Amino acid sequence: VVEGKVNLYVSTGKISRSMPVFYNPAKEFDRTLSVYFLRATQKKTVLDLLAASGARGLRMAVEVPKLKNVHLNDISKVAFQAIKKNIKLNKTKCKITASNLRADKFLVNSEEYFDYIDIDPYGSPIPYIYISILRLQKDGVLAVTATDLAPLFGVYPETCLRKYGSTSFRSPFSHEIGIRILAKAVIEIAAKMNLTLKPIFAHATQHYYRIYFQASRSYVDKVLQDIGHLYFCEKCKDRFASKELKETCKCGAKLKNAGPLFIGNLWDTNVIKAIRTEISRDITKINKLTKINQFLNTLYEEALIDTPFYFESSEFEKEPKISDLIWELQQKGFLAARTHFSPKGIRTNAAITTINES
């Protein structure tokens, strides 16, 4: 197959863990975003820890001009053979190396530190976080994907508590609850190692959650201050974030409690702008980038609203047209924008009573 600017030998058939070499064509969107993220942030050395076919790492090596070194690792011998075959298929000035080791064994034995480490497992990324941090440069980026959405989404709250140390529940904004629980879990692991990992770019797309964390050796306690709870009242539809434990809503009904989770901003708007700038250089050449650019425009608008939840138009008795509701709230002086989490979603700093009046 051809993806981006690379040629790849890949396994075909039903997307599952049993594929000889895992490759999901639907994640081309995500891999393209990661290429432009790297171009925008100008990292030099990359580790694709769970590389499978090598699609992501190879695209970075070929499509990110300033990259010096990309290392591809996978425990599967079949995947390792595919990686070596795919490396030979593609020409690049970037140095590409590969290994066939368990992720933890590679990280313990490696003497290299990376500007950017990518963790994209089939399932939860949590088992790989601690050991990956050991090989991350002090100002590096850790990119984390979770595909075990059912626990994070609230389908299996007990599993979520076991894996991520947080409670989840089903709600109209469950995808945001899930991604914020993931963010909190990664932040806490890093904090135990006296490292700040701050979310700077995140998205919930199709069947996965994805967060890019910027590492820093300072302000560890500050990022921990952005961990709290999200509350939801099924009776009056109110929702709010708080660092304090609450039991009842203002209307007197019992509140649902999700958390602890990250309640700060998931995005750095400067990063989104930088990615859009990089995409603008290629957008006339590659039609697929138009869709990504529109997606980033939505992300940017919602990133300007530092409110850790959204509303769905279907929640209201008379379902409003999203564009009309956004316009009315903006006319009243509130921030309002679409959210990438849902085509029917709106992020706003207006209270539920104001939205009902609009």
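Computed from a predicted model, the values in this text were never measured in an experiment.

## Things to note about the overall build of the protein chain
- Scanning the protein chain from terminus to terminus reveals 13 helices and 15 strands.
- The C-alpha atoms of the protein chain give 21 Å as radius of gyration, which agrees with the globular expectation for 358 residues (21 Å, within 12%).
- When its C-alpha atoms are laid out on the principal axes, the protein chain stretches across 65 × 45 × 40 Å.
- Out of the 358 residues in the protein chain, the part that is buried amounts to 56%.
- Total accessible area computed for the protein chain in this model is approximately 16500 Å², and 51% of it derives from carbon and sulfur atoms.

## Thoughts on the pairing of strand 4 (residues 69–73)
- Of all 5 residues making up strand 4, 5 are buried, and the element is well covered by its neighbours.
- Alternating positions in strand 4 separate into two faces, Asn69, His71 and Asn73 on one and Val70 and Leu72 on the other, with burial throughout.
- Where strand 3 (residues 45–48) meets strand 4, 4 bridges bridge the pair, whose relative direction is parallel. Residue pairing across strands places valine 46 opposite valine 70, the latter belonging to strand 4.

## Describing helix 5 (residues 126–133)
- All buried positions along helix 5 are accounted for by Ile126, Ile129, Ile131, Ser132 and Ile133.
- Buried-residue contacts for helix 5 involve helix 4 (103–109), strand 6 (114–119), strand 7 (136–146), helix 7 (157–164), helix 8 (174–192) and strand 8 (196–205).

## Considering the state of the cysteines
- In the structure shown here, the tally under the stated rule is 0 disulfides.
- This cysteine, cysteine 249, is not joined by any disulfide, and cysteine 236 carries the nearest cysteine sulfur, 3.6 Å off.
- Residue classification places cysteine 249 among the buried residues on the basis of a relative accessible area of 8%.

The rules behind the values
- Residues numbered from 1 in each chain as written.
- Predicted model: local features only at pLDDT ≥ 70, side-chain atom pairs only at ≥ 80, totals over all residues.
- Heavy atoms only, no water.
- Helix = DSSP H or I, 4+ residues; strand = E, 2+ residues; numbered from the N terminus.
- Rg over C-alpha atoms; globule rule 2.2 N^0.38 Å.
- Buried < 20%, exposed > 50% of the residue type's maximum accessible area, 1.4 Å probe, protein only.
- Areas by Shrake-Rupley, 256 points an atom, 1.4 Å probe, with all protein chains shown as cover.
- Pairing = 2+ DSSP bridges.
- Contact = heavy atoms within 4.5 Å.
- Disulfide = S-S within 2.5 Å.

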